[in-house]
Amino acid sequence: LTTIAMLARRGGGLARRGVTQVSASSPASERRGDGANVAGDALARTRASRAFSASSRARDASRPPSARDRMSVASAFEYCATRVRQLDYENYLCALFLPREHRPAALALRAFNAETASALGATKEPQLALMRLKWWRDAVDAAHDADETSLPDHPVAIALRAVLATQNAGGGARTKTWLKRIADARVRDAEMGLENTTPGSVAFLEAYAESTSASVLYLQLDLGGMRDTNVDHAASHLGKALGMVNLLRGTPAHAKQRRLYLPLDVCAKHGAVAEDVFRGKNTEAIKDATHEVASVAKAHLDSSRGMASTLRGVARKGSASSSTPVKPETVFLPAIAASTYLEKLERVDFDAFHPSLAQPQPPLVAQAKIAWAAFTGKY
């Protein structure tokens, strides 16, 4: 385990060095590691700040300032890596097992997903969260705009534009479609919160997960040169499982904001009362409703894993900017964390408010599970 931890930390260093190399040659539930990880985060932030200051001083006053003048692409990618490490540690670990040239793009996508996913929980004012999410939706358009001066001065937006610059017209259009799908789903989620609207069915949760978590997987596969119907089918099932698990994991935090993601038809079927969820009550009806949603998520996870044997023979096509395509099994490593949560939820009798579910896995355990899955090719 100690060796695995050293490899993971070394991988983090490689990822950061890989970010610098790629950026220099081309326009890709909150866990924290040990003290070395924290120190690395501080160093990344310091470097980003120095790069920003140096870039500002060097700005040519004779022309309009562009996004790259305000922050270098290399610093933007470093920021993305740090942000994912802070907000989505499990997926940060998964990204370390991607080929080096694909890590920057993957971390940029994960940073965008983390920023939009955390918007509602970052403020007590839903209207402010909605404004922020609409800002991100506009940022996606700006990242695809030929006029670079319209790009927001945000490192994630700068990194996304750099990723898009490596693609051809067809690839850029696909990337924009999936990014907009993520942003649109988050905006609609915020609007439902303002309207005090609860998802009506499990099918709604599946559609939301498809638009968010599955879209991130599609993006990683496409940018990594992996385009295959069977792979996309497996990604769809896995994305639905990941999205639904994320909603279940967030139940305690959502309840504090009076947000409910247990569908109305499931609550009515089991007699679960929304007000009990908001008060954090551990009733049998809520457990039964949670169990039903978790069972659907587990079914999607099993369906995706059942296709694993068909993925190994898929032809690797390579990407526009790299001759080393990603392996689907590596992109699908986030399945490990989802499976772990569902197992823990079952052990506590589907009590989504149980304190043990809020305890993160020890870093060494999380690293070991992901490293073993990457080594064996099984997600």
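In this text, all values refer to a predicted model and were calculated from it rather than measured experimentally.

Criteria and cut-off values
- Residues numbered from 1 in each chain as written.
- Predicted model: local features only at pLDDT ≥ 70, side-chain atom pairs only at ≥ 80, totals over all residues.
- Heavy atoms only, no water.
- Helix = DSSP H or I, 4+ residues; strand = E, 2+ residues; numbered from the N terminus.
- Buried < 20%, exposed > 50% of the residue type's maximum accessible area, 1.4 Å probe, protein only.
- pLDDT = per-residue confidence, 0-100.
- Contact = heavy atoms within 4.5 Å.
- Axes fitted to C-alpha atoms, helices over the stretch in contact; angles between N-to-C directions.
- Left-handed = near helix turned anticlockwise from the far one by under 90°.
- Nonpolar A, V, L, I, M, F, W, Y, C, P; charged D, E, K, R; others polar.

(A) Spatial organisation of unusual backbone geometry. Here the phi dihedral of arginine 258 falls at roughly 60°; this positive angle occurs in a residue that is not glycine. Its location among the elements puts arginine 258 in the loop between helix H12 (251-256) and helix H13 (264-270). Judged by its relative accessible area of 47%, arginine 258 falls in the partly exposed class. At phenylalanine 350, a position not held by glycine, the phi torsion is positive, near 60°. Turning to its location among the elements, phenylalanine 350 is positioned in the loop between helix H18 (335-347) and helix H19 (363-376).

(B) Broad picture of the side chain of histidine 254. Tracing the backbone shows histidine 254 in helix H12. Take histidine 254: its relative accessible area is 12%, and that puts it in the buried class.

(C) Quick look at the confidence of the model for the protein chain. This prediction gives the protein chain a mean pLDDT of 82; 77% of its residues lie at or above 70. Of all helices and strands in the protein chain, the one with the weakest mean pLDDT is helix H1 (residues 2-25) (41), whereas helix H15 (residues 284-306) scores best (97). In this model residues 1-69 is a low-confidence stretch, pLDDT under 50, and it forms 105 contacts with partners more than four residues away in sequence or in other chains.

(D) Spotlight on the packing of helix H7 (residues 126-144) against helix H8 (residues 155-165). Contact geometry for H7 and H8: axes closest at 9 Å, N-to-C directions at 35°. Both H7 and H8 take part in a crossing whose hand is right-handed. For the pair H7 and H8, the contacting residues are Trp136, Ala142, Ala143 and His144 in the first and Val156, Ala157, Arg161 and Leu164 in the second. Looking at the contact of H7 with H8 residue by residue, the class counts come to six nonpolar, one polar and one charged.

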